[in-house]
Structures are given as C-alpha cells and as structure tokens.
Amino acid sequence: MMPSAPRLAVMASLLVGAGCGISDPPEAQPVAVDLPFEARVGAKPFACGRTYTGLGTTATTYEPQDFRVYLHDVRLVTEGGTEVPVTLTEDGVWQKDGGVLLDFADKSGLCTNGTAATNTRLRGTAPAGTYKGLRFTLGVSEALNHQDVSTAPSPFNDVGLFWSWRFGYLFTRIEGRTTGLSSGHSMHLGSTDCAVLVPGQPSDGCLHPNRPGVELTGDVLGGGKVVLDLARLFEGSNLDTNTSGTAAGCMSGQQDPECAPLFQRLGLAFGAQAAVAQTFIRWEP
C-alpha cells in the first residue's frame, strides 16, 4: 500500500531539512575583561620616591617601601545578582591559575624589593552580558598557598612574598617609612595560626585564613577603575608607634594590637571585633 500524498509531502520536507545542514545557533563569543587598578594615597597617586603627609591618627609622613597585593576568585555580577567567573589570561608573569599579582612598586626611591616592572591591570574573558559589579578575594587561594615557592611558576615564585610553607604567602606587602618608625611600618596580610602540614598539602588548615572578599558596584566593563587607597587603609592606625615585642606594624597576628584597625578596614574580624564592610578598595567610574 502506497503512502498517502500528505505523508509523502511531510517525509520530503524532513529530508530536505536534513540535507540543508541546519544546526544550532552559534554560541556568543566571550568579551574581553581589562580592569585597571590604581594605587592612591588619598587624592594623590601612589608612587615610590614620593613623600605623603597626614596619614593615620598622628598625621604622619609616609615614604613608600613596597606595595604588592595578590588576589583571586574574580567574578563579574549581572544585573540580576548572578556571579559569572572571569577566566584570567595566563601571561607567564602576573597571572596564573586564577591568581593575580598587582605590583605598584617600581624599585625607585625606598622601594628596593621585587622588580622594577609593575602590574596595574587584570585581564581575562567572560561571557557577553551586562554587568553591574565586580567581586574578588584578596590573597592567594587556599589550594595554592602552600606550594614550593622555589619551583612555583610566576607570580608565585617571589620569596619576598612568602613566609613559609606552613603559613604560605604574604597576601599584601605594604611597607613605608614614617616619622616615628624610621625603619618602616609593615602591613603584611596572610594566613595565621596554621596547623603543621605536609608541604604542598591542598588545604591550609589555618585558623585565620585572612582572605577578605571585596564587592564593588559599577559598570565594570564600561570604563572606570579599582582604587586601592592607603589613606583609607591607615585611617584608624597610629603609624608612628608600635607595641613592644610585636612586629613593626602588622604581621596579621591576632595578638598584635596594631592589626585591629587595619583588619577593620580590610573587612576582617579581629579578636572580639566583628568584621565590617571593607573601605580599603573601591570602584571609581
């Protein structure tokens, strides 16, 4: 029995469609993410070799010696509040394995650590879309914090940004000479009170990880910049004196009173002091 005419027409149309190579619509191409980061001291741009006045509770004079910061877990935020991870571009120098080293110190003036090269941008890709914010975590990720610095790839191979395999990396190395502390005031953020681990163990097991999250609002792909402001970081700190028997400044120890106001501005809890919104880093259009 022959198929009816309508059935033959349907079969023919299916064959024609199959033969035309009909496929799913192409996926949207990712967009470039190129975010500038700017270091400042109040209204003035940060630069090694300069002198800044009026910082902290004593309005001290400050001469930079170092300013480097690690960050990771970079995400864009959609208008609906959904987080979209940024795929960082590995450049063999500043970005690797989802981490970034920002370096604002160029070895001029009193800045003798690190290299003369600087890095003030974050580069990567993300799905096309409309984004209203940016989130990231300050520091080196837990998975990378206890690698062997002598064999680690850049930017995790600088021994000047590493405490020990047990405690891991300095998430920030911010140093400067002040009126009262001529040898220098340090803000070294890193994980503390860490368990004795096998070197290279993925989990750091630290009682105080000290990785503050940063959340910024703005048209992050439409122009603008992330500002790291030392004047804001030091607002509640006396940079001219230091508690006897403690590090000159803050080395992230929970028993070091000089850390309390710095942790507050980083958005971290300190002792009985609860965490509040960080004020060190902001978005400027």
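Summary of the structure given here. (Residues numbered from 1 in each chain as written. Predicted model: local features only at pLDDT ≥ 70, side-chain atom pairs only at ≥ 80, totals over all residues. Heavy atoms only, no water.)

Our focus in this paragraph is helix H3 (residues 259-266). Of all 8 residues in H3, 7 are buried; the element is thus mostly enclosed. Among the residues making up H3, those that are buried are Cys-259, Ala-260, Pro-261, Leu-262, Phe-263, Arg-265 and Leu-266. Positioned one or two residues after H3, Gly-267 has a phi angle of 85°, which is positive. (Buried < 20%, exposed > 50% of the residue type's maximum accessible area, 1.4 Å probe, protein only. Helix = DSSP H or I, 4+ residues; strand = E, 2+ residues; numbered from the N terminus.)

Attention now moves to the environment of Thr-217. Looking at where Thr-217 falls in the secondary structure, it is placed in strand S17 (residues 213-217). The spatial distance from the C-alpha of Thr-217 to the C-alpha of Leu-76 is 9.9 Å, given a sequence separation of 141 residues. Sequence-distant contacts of Thr-217, that is, excluding residues within four places in its chain, are made with Lys-132, Gly-133 and Trp-283. (Contact = heavy atoms within 4.5 Å.)

Its place among the elements puts Glu-175 in strand S13 (residues 172-178). With relative accessibility at 9%, the residue Glu-175 sits in the buried group.

All right, on to the pairing of strand S1 (residues 31-41) then. Pairing analysis gives 6 bridges linking S1 to strand S9 (residues 121-126), with the strands arranged antiparallel. Bridging from a neighbouring strand, Pro-36 pairs with Arg-121 of S9. With 4 bridges joining them, S1 and strand S18 (residues 225-229) adopt parallel strand pairing. Opposite Glu-38, over in S18, you have Val-227 as the bridge partner. Sheet topology note: the S1/strand S2 (residues 44-45) ladder contains 2 bridges and is antiparallel. By the bridge assignment, Arg-40 is partnered in S2 with Pro-45. (Pairing = 2+ DSSP bridges.)

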